[in-house]
Amino acid sequence: MIRQAVLEYDHSNGALDQLYSLIGNRDALVLKGFNGYGEAIRVSPRLAEIPSVRFKGECSDEEVERLKAHRPDVWIAVGGGKLIDTAKRIAFTQSVPLIVIPTLVSNCAAFTPLSVIYGEDGTYLRYDTFPVVIERVIADERLLRDSPYDYFKAGVIDTVAKWFEARYISGTTSRDAGIQSGLSLAAQCGALMDLSIREDDFRHYGTDIRSIVDHVLAIGGAVGGFGDAGTRVAVAHAVHNALSRFDSTHHWLHGDKVGFGLIVQERLTSSEDASFLENWLQAIAAPTSLDQLGIRFDQIDELVDYVVEEMTIQGIHKIEDAERLKEILRNLQEIVYK
Ligand SMILES: [Zn+2]
């Protein structure tokens, strides 16, 4: 199925100023996080006049249930990925439209018709796909250019992953029009590896950075919207989910762990891009060894069990050889680069 969630996407300097005419005379309610909300008010002080409710931090069934007590004419999500996922779930449940104001350039939550659901303790549970109407994504340059760089970098890795994971599932071309469209957009996401993403580039916010931000926030989300199961997550995200079960990895961002998962995935398929990918991740100071992720040699068997379990949960049944996966992870325990 082809499914897109967003009616309008405005990435501009001043995009947030259009919010008030967009709301019109409807009752709006802001779902606000912690840091990003204050930044958004700095950019557009009028935002503080709209009633708001605080997000507790996890996109969990309990949090969705709690927030459903409110029912505005339009929800406004101001924050990062988990907050946006929560707002989408509520908006869909209530058949209420949603306006999304991302405060981080770290994921495609603003563009995807799905929510990743976690337990209240932060463990990954599942993702739910559903039709949701996002009236507009407001990507205001004034807000995004000052947002945390580490999140941007992790967001780029997670977006580059679209290419490798879509290719893992569907190959490089497909006769299915939706999957082929998803693959074409995923290839664009893969090409981000050729652009410079240093912090001073990000702050300068030139043409290349604008394009990268569009890919992280929007195009990356459209990949799965077109290709559906044919272009969604594969081994790299299964490795991410497995890593997330170890406390030692919790201070790494989502995209950092997905990047490590990509190395595993590409080695598993003996891909000729594996070393290019590893060099790129090393160059941008993303973790490329289990040691950096705080996983010890004697924890590898446990990690492999989790990876196999996660792949089964997601319906990816392509690891025939768990021994080979163990071997790859043993080789990735320490930094073994020449
Ligand atoms: Zn991801």
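Only a predicted model underlies this, so the values are computations on that prediction, with no experimental measurement involved.

> Sorry if this is basic, but what is going on with the coordination of the zinc ion here?
The coordination sphere of the zinc ion, as far as protein atoms go, consists of Asp 158 (OD), Asp 158 (OD), His 237 (NE2) and His 254 (NE2), spread over 2.1 to 2.5 Å. Bound by four donor atoms, the zinc ion shows angles of 54 to 147 degrees at the metal and therefore irregular coordination geometry. For the zinc ion, all donor residues lie on one chain, and their spacing in sequence is D-x78-H-x16-H. Highlighted residues: Asp 158 in helix 6 (residues 149-170) and His 237 in helix 10 (residues 235-243), separated in sequence by 79 residues. Like Asp 158, the residue His 237 is buried in the burial classification.

> Looking at this structure, I do not really get the packing of helix 6 against helix 9 (residues 207-227). What am I missing?
Two measures define how a pair of helices packs: the angle their axes make with one another and the distance between the axes. Two elements in contact, helix 6 and helix 9, have axes whose closest approach is 10 Å; the angle formed by their N-to-C orientations is 50 degrees. Considering the angle they form, helix 6 stands oblique to helix 9. In this structure, helix 6 crosses over helix 9, and the sense of that crossing is left-handed. Across the interface between the two elements, Phe 152, Gly 155, Val 156, Thr 159 and Lys 162 from helix 6 touch Ile 209, Ile 212, Val 213, His 215, Val 216, Gly 220 and Val 223 from helix 9. In the contact of helix 6 with helix 9, the residues fall into seven nonpolar, four polar and one charged.

> Quick question: what am I supposed to make of the pairing of strand 5 (residues 98-102) here?
Consecutive side chains along a regular strand alternate between the two faces of the sheet. Among the five residues of strand 5, five are classified as buried, and the element is accordingly described as predominantly covered. Neither face of strand 5 is open: one carries Leu 98, Val 100 and Pro 102, the other Ile 99 and Ile 101, and all of them are buried. With five bridges connecting them, strand 4 (residues 74-79) and strand 5 associate as parallel partners. Pairing of Val 78 across the sheet is with Ile 101, part of strand 5. Read as a crossover between parallel neighbours, the route from strand 4 over helix 4 (residues 81-94) to strand 5 is right-handed. Pairing geometry for strand 5 and strand 8 (residues 134-140), over three bridges, is parallel. Counterpart to Leu 98 in the pairing with strand 8 is Ile 134.

> Looking at this structure, how should I read helix 9?
Within an α-helix, residues lying three or four positions from one another point in the same direction, as the helix has 3.6 residues per turn. For helix 9, with 21 residues, the first-to-last C-alpha span of 28 Å sits near the 30 Å given by 1.5 Å per residue. His 215 marks where helix 9 bends most, by close to 45 degrees. Immediately downstream of helix 9, the backbone of Asp 228 shows phi near 50 degrees, a positive value.

> Could you clarify how one ought to interpret the packing of helix 6 against helix 12 (residues 274-283) in this entry?
Running from amino to carboxyl end, helix 6 crosses helix 12 at an angle of 175 degrees, the nearest separation of the two axes being 12 Å. Between helix 6 and helix 12, the angle is such that the two are roughly antiparallel. Facing Val 156, Ile 157, Val 160 and Phe 164 of helix 6, the residues of helix 12 in contact are Leu 277, Trp 280 and Leu 281. Across the contact of helix 6 with helix 12, the residue classes break down as seven nonpolar, no polar and no charged.

The rules behind these values
- Residues numbered from 1 in each chain as written.
- Predicted model: local features only at pLDDT ≥ 70, side-chain atom pairs only at ≥ 80, totals over all residues.
- Heavy atoms only, no water.
- Donors = N, O, S within 2.8 Å, 3.2 Å for Na, K, Ca; no water.
- Tetrahedral: all angles 85-135°; square planar, octahedral: opposite > 155°, others 65-115°.
- Helix = DSSP H or I, 4+ residues; strand = E, 2+ residues; numbered from the N terminus.
- Buried < 20%, exposed > 50% of the residue type's maximum accessible area, 1.4 Å probe, protein only.
- Axes fitted to C-alpha atoms, helices over the stretch in contact; angles between N-to-C directions.
- Parallel < 35°, antiparallel > 145°, perpendicular 65-115°, else oblique.
- Left-handed = near helix turned anticlockwise from the far one by under 90°.
- Contact = heavy atoms within 4.5 Å.
- Nonpolar A, V, L, I, M, F, W, Y, C, P; charged D, E, K, R; others polar.
- Pairing = 2+ DSSP bridges.
- Right-handed = clockwise from strand over helix to strand, strands pointing away.
- Expected span 1.5 Å × (residues − 1).
- Bend = angle between axes of the 7 residues up to and from the residue.

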